[in-house]
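What the coordinates show
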Amino acid sequence: MVFNLVVNIIGIVVFIAIAYLFSKQKHAIHWRSVGIMLVLEVILAWFLTGSQVGVDAVKAAADGFTWLVDVSYDGIGFALASWVNVKQMDFVTSSLLPILLIVPLFDILTYIGVLPWIIKWVGRGLAYITGQPKFESFFVVEMMFLGNTEALAVSQLQLKQMKAQRNLTIAMMSMSCVTASILGAYIQMMPGQFILTAVPMNVLNAAIIAAILNPVEVKPEEDTIAKINGSNAVEENTTTTETSGSEDLADAQVKAAKPAREPFFSFLGDSILGAGKLILIIAANVIAFVALAKLIDKLLGLINSNLSLENIFGIVMFPFAWLLGFNAHDAFQMASYMGTKLVTNEFVVMGEVTSKVSGFEPHFKAVLTVFLTSFANFSTVGMIIGAFKGIVNREKNDLISRNVGYMLLSGILVSLLSSGVVGLFVW
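Here we summarise the structure given alongside this text. (Residues numbered from 1 in each chain as written. Predicted model: local features only at pLDDT ≥ 70, side-chain atom pairs only at ≥ 80, totals over all residues. Heavy atoms only, no water.)

**Regarding the overall build of the protein**
For clarity, the cut-off: Numbering of helices and strands runs from the N terminus; a helix is a DSSP stretch of H or I covering at least four residues, while a strand is a stretch of E covering at least two. The size measure is the radius of gyration over C-alpha atoms, and the globule rule it meets is 2.2 Å times the number of residues to the 0.38 power. For the exposure calls, accessible area comes from a 1.4 Å probe over protein chains only, and a residue counts as buried if that area is under 20% of its type's maximum, exposed if over 50%, partly exposed in between. It only takes one pair of heavy atoms within 4.5 Å for two residues to be counted as in contact. Charge assignment in this entry is limited to Lys and Arg as positive and Asp and Glu as negative, and neither His nor the chain termini are counted. Lysine's charge is taken at NZ, arginine's at CZ, aspartate's at CG and glutamate's at CD.
Along the protein, the regular secondary structure elements total 22 helices and 0 strands. In summary, the protein has a C-alpha radius of gyration of 21 Å against a globular reference of 22 Å for 427 residues, a match within 12%. Dimensions of the protein, computed from the C-alpha atoms along their principal axes, are close to 65 × 60 × 50 Å. Counting only residues that meet the buried cut, the protein has 54% of its 427 residues in that class. Of the contacts formed within the protein by residues at least 6 apart in sequence, a portion of 77% connects residues at least 24 apart. Taking the 26 positively charged and 30 negatively charged side chains of the protein as two groups, their mean positions are separated by 4 Å.

Structure follows, in structure tokens:
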């Protein structure tokens, strides 16, 4: 165990070194800010996995999500009793259909102002502690609750006003989130303790990796919050005249430009429809990716019976998996799961391991769960580029499109770093 722990620590250093190696402006990296975030992350990882208070808090939160999912089964059972009242519910029923309750619940919390308030103050605290620009700090917190494309949509006024390099930073961060409303689906398949631990880890690591890969100097007059959140977009031609760095003035100008708030039940209906679309999108992607993976395996089998996607991914990702503190056998298995997740999505791997995850060693279980708790994969790149295309001008969008490799690298490094830090405390 001591050897594996040392390797794990070395792995964390290597992941940061890789980010430094590919940094666009090595001289501009604010190492003090990066160091503060790393220390904060290690303390948080220890608290959530190594202290009794933290473990109990995470367990209580996971139990809360499980309770919400159980409540959702009442609604599902009313309409589709034959899907619920069975010995073993299928993936769609057990993991996806509860989204019809959880997404509207989080949207209601946004509508009444609870989530915006949490995002505002957590974002301010993060900016104050870490020294990161205000909007970047707000955005990573927004992603934690809203998801990547949703956070981009409600921040479009800010994105239009920011320079292109800061937009690239936001695109990199967008690779490393999950939306809180989908955590219930994850917890049905993987250990809830590590799912919920991964969320704040990814928030901090998204800021760390972006700060190293794409450091941007933000002047005081640019460090403002034009728009924090809200479900209604501000008109295209709305601008603020903020020049003094006053966040309050910028907020007041945006609020004055906002349209009237949508009636609650109209808002709720749109939220439920959005949840339904999300379920269809996830189900369609899982079906298609699993089928395509099986097809590729069969075609590879025609070349060599030992050739498969799992083996290819295992070879490519093996060095990184080994640096997370595993022996060669476990590292190869972990690497194949990692590669499959990056090429397909997290649901494909979660569905594959959900029946056997309880039998995994604690370290393997923790590292795998944290790595999977992220939207970082190839399909997410297309979603992010599409979201920016509808928000910013062509020059900014072209810069993001030219840096797809950096976006993927950012997402992978964030997942590796989160897994490595959490893995330090679980053996």
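**Notes on helix α15 (residues 264–303)**
Heads up, the rule is: Given a helix with a known number of residues, its expected span is that number minus one, times 1.5 Å.
Along its 40 residues, α15 runs 58 Å from first to last C-alpha, staying within 8% of the 58 Å computed at 1.5 Å per residue. Of the positions making up α15, those classed as buried are Phe267, Leu268, Ser271, Ala275, Ile279, Ile282, Ala283, Val286, Phe289 and Leu300.

**Focus: the pattern of salt bridges**
Under the convention used in this document: Here, a salt bridge means any Lys or Arg side-chain nitrogen found within 4 Å of an Asp or Glu carboxyl oxygen.
Per the counting criterion, the structure on display carries 3 salt bridges. Across the salt bridge formed by glutamate 136 and arginine 166, the nearest N and O atoms sit 2.8 Å from each other. Placement of glutamate 136 in helix α8 (residues 134–146) and of arginine 166 in helix α11 (residues 164–173) is noted, with a sequence separation of 30 residues between them. Here glutamate 136 falls in the buried class, since its relative accessible area comes to 5%. Across the pair arginine 394 and aspartate 398 runs a salt bridge, and its minimum N-O distance is 3.6 Å. Taken together, the residues span about one helical turn, with arginine 394 and aspartate 398 both in helix α21 (residues 394–402) at a distance of 4 residues.

**Comments concerning a nonpolar patch on the surface**
Counted only if it meets this: Here, patches come from residues exposed beyond 30% relative accessible area and free of salt bridges, joined within 9 Å for like charges and within 5 Å for nonpolar side chains (Val, Leu, Ile, Met, Phe, Trp, Tyr). Note on areas: Shrake-Rupley with a 1.4 Å probe; residue coverage comes only from the protein chains shown.
The grouping of Leu292, Leu295, Leu299 and Leu302 at the surface amounts to a nonpolar patch, some 420 Å² of accessible area in total. You can see leucine 295 is positioned in helix α15.

**Concerning the packing of aromatic side chains**
Quick note on the threshold: Centres within 6.5 Å are what make two rings of Phe, Tyr or Trp a pair, Trp counting through its six-membered ring; a difference in plane orientation under 30 degrees is then read as stacked, over 60 as edge-to-face, and the rest as tilted. Put simply, a charge is over a ring when the Lys NZ or the Arg CZ is close to the ring centre, within 6 Å, and near the line of the ring normal, within 35 degrees.
Tallied over the entire structure, the rule returns 9 aromatic pairs. Arranged with centres 4.6 Å apart and planes meeting at 40°, the rings of tyrosine 111 and phenylalanine 267 form a pair that is tilted. Taken together, the positions of tyrosine 111 in helix α6 (residues 99–111) and phenylalanine 267 in helix α15 put the pair 156 residues apart, joining distant regions of the chain. An aromatic cluster is built from Tyr111, Phe264, Phe265 and Phe267, whose rings are joined through pairwise contacts. Between the NZ or CZ atom of lysine 24 and the centre of the ring of tyrosine 406, over which it lies, the distance is 4.3 Å. Just above the ring of phenylalanine 371 sits the side chain of lysine 341; from NZ or CZ to the centre is 5.7 Å.

**A few points about the packing of helix α2 (residues 31–50) against helix α13 (residues 192–213)**
For clarity, the cut-off: Convention adopted: a line fitted to C-alpha atoms gives each axis, helices being fitted over their contacting stretch, and angles between N-to-C directions are expressed from 0 to 180 degrees. Orientation labels follow simple angle bins: below 35 degrees gives roughly parallel, above 145 gives roughly antiparallel, 65 to 115 gives roughly perpendicular, and whatever is left gives oblique. In this classification, Asp, Glu, Lys and Arg are treated as charged, Ala, Val, Leu, Ile, Met, Phe, Trp, Tyr, Cys and Pro as nonpolar, and every other residue, Gly included, as polar.
α13 packs onto α2 with a crossing angle of 175° between their chain directions and a minimal axis gap of 10 Å. Classified by the angle their axes make, α2 and α13 are roughly antiparallel. Between α2, through Trp31, Val34, Met37, Leu38, Leu40, Glu41, Leu44, Ala45, Leu48 and Thr49, and α13, the contact on the second element is made entirely by Gln193, Phe194, Thr197, Pro200, Met201, Leu204, Asn205, Ala207, Ile208, Ala211 and Ile212. A per-class count over the contact of α2 with α13 returns 16 nonpolar, 4 polar and 1 charged.

**Some thoughts on the environment of threonine 179**
Structurally, threonine 179 can be placed in the loop between α11 and α12 (183–187). By relative accessible area, threonine 179 is classed as buried at 6%. The spacing of threonine 179 and methionine 144 is 35 residues in sequence and 5.7 Å in space, taken between C-alpha atoms.

**What about the packing of helix α3 (residues 52–79) against α13?**
Between α3 and α13, the least distance of the axes is 8 Å, while the angle of their chain directions is 105°. Accordingly, the angle class assigned to the pair α3 and α13 is roughly perpendicular. Of α13, the residues touching α3 (which contributes Val55, Val58, Ala61, Ala62 and Phe65) are Gly192, Gln193, Leu196 and Thr197. Residues that form the contact of α3 with α13 fall into these classes: 6 nonpolar, 3 polar and no charged.

**Observations concerning the environment of glutamate 346**
In this fold, glutamate 346 is placed in helix α18 (residues 346–353). Assessed through its relative accessible area of 3%, glutamate 346 is described here as buried. With 29 residues separating them in the primary sequence, glutamate 346 and methionine 317 have C-alpha atoms 16 Å apart.

**A closer look at the side chain of asparagine 214**
Note the threshold: Polar contact criterion, stated in full: a pair of N or O atoms within 3.5 Å, where within protein one must be able to donate a hydrogen and the other to accept it, and residues adjacent in sequence count only if both atoms are side-chain atoms.
By the secondary structure assignment, asparagine 214 is in the loop between α13 and α14 (247–257). Among the polar contacts listed, one links the side chain of asparagine 214 to the side chain of glutamine 165, at a separation of 2.9 Å. Other than its neighbours up to four places away in sequence, asparagine 214 contacts Lys24, Gln165, Leu168, Thr169 and Met172.

**Structural notes on α2**
Rule in force here: Each direction from the helix axis to a C-beta atom contributes to the arc, which is the arc of those directions.
In this model, α2 (20 residues) spans 27 Å end to end at C-alpha, consistent with the 28 Å of a helix rising 1.5 Å per residue. The complete set of buried residues in α2 reads Ser33, Val34, Met37, Glu41, Ala45, Leu48 and Thr49. End-on view of α2: buried residues confined to an arc of 105°, all on one side of the axis. Projecting away from the buried face of α2 at angles above 90 degrees are the exposed residues Arg32 and Val39. Looking at the packing, one finds that the buried side of α2 touches α3, α7 (114–130), α13 and α22 (404–423).

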